[in-house]
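# Chains, contacts and geometry: an overview
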Amino acid sequence: MTSSTTSRALNDIDGHIVLAGAGKMGGAMLTGWIAGGLNPNRAVVIDPYVSNEIKALAAKGVRLNPDVKDIGAVAALVLAVKPQMFAEVGPTLREIAGSSLVVSIMAGTTIAGIAKACGGKVVRAMPNTPAAIGRGITVAVAASDVSQEQRGLTDALLRATGSVEWVEDESLIDAVTAVSGSGPAYVFLLAEEMARAGVAAGLPPELAMKLARETVSGSGELLRQSDLDAATLRKNVTSPGGTTAAALGVLMADDGFEPLLTRAIAAATARSKELAK
Ligand SMILES: NC(=O)C1=CN([C@@H]2O[C@H](COP(=O)(O)OP(=O)(O)OC[C@H]3O[C@@H](n4cnc5c(N)ncnc54)[C@H](OP(=O)(O)O)[C@@H]3O)[C@@H](O)[C@H]2O)C=CC1
Ligand SMILES: O=C(O)[C@@H]1CCC=N1
């Protein structure tokens, strides 16, 4: 968080938080807000096809698809629809956005494009799915007309789902999307492939998946809690002339993991830029 952004308490919000698009990411954020103290009566969902999990939140007071005139004061409109449908959906949200805070988590979609389609004072943010367990990381960038109070509200909404970093340069968001927005998928793929390779090496499938899951999650937790950097933690596993060195000889070869990941992240960054067009 920049020193100029002061987070607000979620249980101390004037007005309503309107979530447009309560799918995987929007739904995870809504769950985080309510767990973080947002009064469910302050939450409104606009989504024609909500899941049973979101329908269950209605029993706690979250309003689903009310008439715009019945929403009441809007503190923030959060955009979590697919970027490909925003051109169609954006203008239908203009009345809700008004001159309120609009927080978009849509990949690729620029602050200028969002302001043009639905108005409002726009913050562009890129979260990731560990938000569902309060362990996400979000990077946010605010348009120049977003007030300090609106930044504080945004910070509170995002912080309910994990860590938050603010940047001033919107062009960084494409690479952020490629590293942390899409990043959980790379880690899950690693777990899938470790399990598959374990089976190929002779392990029963259930044991292979358990070893992969616990190794990926345990290593992630060690990385989080340790004062050591990732390279040192890796070296600590690597006994000279041992098994890890044999595996790393393959993974760190000239055509190994590094150029592969560089290409993957470049592809995701390029796709984020493309989605802006
Ligand atoms: N998934 C992720 O890890 C991340 C996603 N994002 C961004 O979050 C956004 C949502 O992604 P994700 O949650 O994966 O996608 P989902 O498809 O799960 O969520 C989008 C939701 O919007 C709903 N929807 C469709 N039409 C409308 C409409 N007219 N008005 C309101 N809602 C509508 C969809 O319903 P239906 O499914 O029935 O069409 C769905 O529930 C995207 O912009 C993505 O770039 C950002 C960071 C990470
Ligand atoms: O795949 C996507 O486009 C979205 C954005 C980051 C993660 N999921």
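Here the structure is a predicted model, which is why all the values come from computation and not from measurement.

### Side note on the overall build of the chain
For the chain, the count of helices and strands is twelve helices and eight strands. Seen through its principal axes, the chain has C-alpha atoms that stretch 70 × 40 × 35 Å. Among the 277 residues that make up the chain, the fraction classed as buried is 35%. Nonlocal contacts in the chain, meaning residues at least 24 apart in sequence, comprise 66% of its contacts between residues at least 6 apart.

### Notes on unusual backbone geometry
At Asn-65, a residue that is not glycine, the phi angle is positive and equals roughly 50°. Within the element layout of this structure, Asn-65 appears in the loop between strand E3 (63-64) and strand E4 (74-79).

### A word on the site of ligand 1
Taken together, the neighbourhood of ligand 1 is formed by 25 residues, with Gly-21, Gly-23, Tyr-49, Met-106 and Ala-107 sitting nearest. Among the elements that take part in the shell around ligand 1, helix H1 (residues 24-35) stands out by supplying three residues, more than any other. For the shell around ligand 1, the residue count by class is 16 nonpolar, six polar and three charged.

### Some words on the UniProt feature "domain: Pyrroline-5-carboxylate reductase catalytic N-terminal" (unreviewed entry) in the chain
What UniProt calls "domain: Pyrroline-5-carboxylate reductase catalytic N-terminal" (unreviewed entry) maps, in this numbering, to residues 18-108. Its end C-alpha atoms 21 Å apart, residues 18-108 is made of 30% helix and 21% strand.

### Points about the site of ligand 2
Residues in close proximity to ligand 2 include Ala-107, Thr-177, Gly-181 and Ser-182, which together make up its full environment. Residue composition of the shell around ligand 2, by class: one nonpolar, three polar and no charged.

### A few points about the UniProt feature "binding site: NADP(+)" (unreviewed entry) in the chain
Mapped onto the present numbering, the UniProt feature "binding site: NADP(+)" (unreviewed entry) falls at Ala-80, Val-81, Lys-82 and Pro-83. Mapped onto the secondary structure, Val-81 falls in the loop between E4 and helix H3 (86-89). What makes Val-81 buried here is the crowd of 23 C-beta atoms within 10 Å. The residues contacting Val-81, other than those within four sequence positions of it, are Ala-20, Gly-21, Phe-86, Val-89 and Met-106. Relative to the helices and strands, Pro-83 is located in the loop between E4 and H3. Apart from the residues lying within four places of it in its own chain, the contact partners of Pro-83 are Met-106, Ala-107, Gly-108, Thr-109 and Leu-275.

### Concerning the nonpolar core
Formed by 60 residues in total, the largest nonpolar core has its most connected members in Val-18, Leu-19, Ala-20, Leu-77, Val-78 and Leu-79. Among all residues touching Ala-20, those that are not within four sequence positions of it are Ile-46, Leu-77, Val-78, Leu-79, Ala-80, Val-81, Val-89 and Leu-93.

### Concerning helix H8 (residues 183-200)
Note on helix geometry: an α-helix contains 3.6 residues per turn, so any two residues three or four positions apart are oriented the same way. The end-to-end C-alpha distance of H8 is 26 Å, a good match for the 26 Å that 18 residues give at a rise of 1.5 Å each. Following H8 by one or two positions, Gly-202 has its phi on the positive side, about 115°.

### Describing the packing of H8 against helix H9 (residues 205-225)
Two elements in contact, H8 and H9, have axes separated by 8 Å at closest approach and are oriented at 145°. At the point where H8 passes H9, the crossing takes the right-handed sense. Residues Val-187, Leu-190, Ala-191, Met-194, Ala-195, Gly-198 and Val-199 of H8 pack against Pro-205, Ala-208, Met-209, Leu-211, Ala-212, Arg-213, Thr-215 and Val-216 of H9.

### Remarks on the environment of Ala-266
With respect to the secondary-structure elements, Ala-266 resides in helix H12 (residues 257-275). What makes Ala-266 exposed here is the crowd of 12 C-beta atoms within 10 Å. As for Ala-266 and Asp-174, which are separated by 92 residues in sequence, their C-alpha atoms are 9.7 Å apart.

### Here's the deal with the pairing of E4
Counting buried residues in E4 gives five out of six residues, a clear majority hidden from the surface. Of the pairings in the sheet, the one linking strand E1 (residues 16-20) to E4 comprises five bridges and is parallel in character. Directly across from Leu-19, in E4, lies its bridge partner Val-78. The sheet contact formed by E4 and strand E5 (residues 101-104) spans four bridges and is parallel.

### Quick word on the domain arrangement of the chain
Parsing the chain into structural domains produces domain 1 (10-173) and domain 2 (183-275). Its C-alpha centre places domain 1 at a distance of 33 Å from the equivalent point of domain 2. Contact with domain 1, which involves seven residues of that partner, is made by five residues of domain 2. Considered class by class, the residues forming the side of domain 1 that touches domain 2 number three nonpolar, four polar and no charged.

### Things to note about the confidence of the model for the chain
Across the chain, pLDDT averages 95, with 99% of residues at or above 70. In the predicted assembly, ipTM is 0.98 and pTM is 0.95.

Scoring rules and cut-offs
Along each chain, residues carry numbers from 1 onward, in the same order as the chain's sequence is written. Each chain gets a letter, beginning with A, and each ligand a number, beginning with 1, in the order they are written. With the structure being a predicted model, the display of local features is reserved for residues of pLDDT at least 70 and the display and counting of side-chain atom pairs for 80 or more, all residues being used for whole-chain, interface and lining totals. Secondary structure elements are defined from DSSP: runs of H or I of at least 4 residues count as helices, runs of E of at least 2 residues count as strands, and each element is numbered from the N terminus. Every C-beta atom is placed from the backbone, and the number of other C-beta atoms within 10 Å of a residue's own sets its class: buried at 20 or more, exposed at 12 or fewer, partly exposed in between. A pair of residues counts as a contact when their C-beta atoms, built from backbone coordinates, are within 7 Å of each other. We call a residue near a molecule or strand if the C-beta atom, set from the backbone, is within 6 Å of it. Charged residues are taken to be Asp, Glu, Lys and Arg, nonpolar residues to be Ala, Val, Leu, Ile, Met, Phe, Trp, Tyr, Cys and Pro, and polar residues to be all remaining types, Gly included. UniProt positions are given in the numbering used here, feature names are shortened, and annotations may be inferred rather than shown by experiment. Working definition: the nonpolar core is a set of buried Ala, Val, Leu, Ile, Met, Phe, Trp, Tyr and Cys residues, joined through C-beta atoms within 7 Å. To estimate how far a helix should extend, the number of its residues minus one is multiplied by 1.5 Å. Whenever a helix is involved, its axis is fitted only over the stretch in contact; in every case the axis is a line through C-alpha atoms, and angles between N-to-C directions fall within 0 to 180 degrees. Should the near helix be turned anticlockwise from the far one by less than a right angle, the crossing is left-handed, and should it be turned clockwise, the crossing is right-handed. A pair of strands is labelled paired if DSSP reports no fewer than 2 bridges between them. Residue ranges for the domains trace back to a domain assignment, done automatically or taken from a database. A residue's pLDDT is the predictor's confidence in that residue, given on a scale from 0 to 100.

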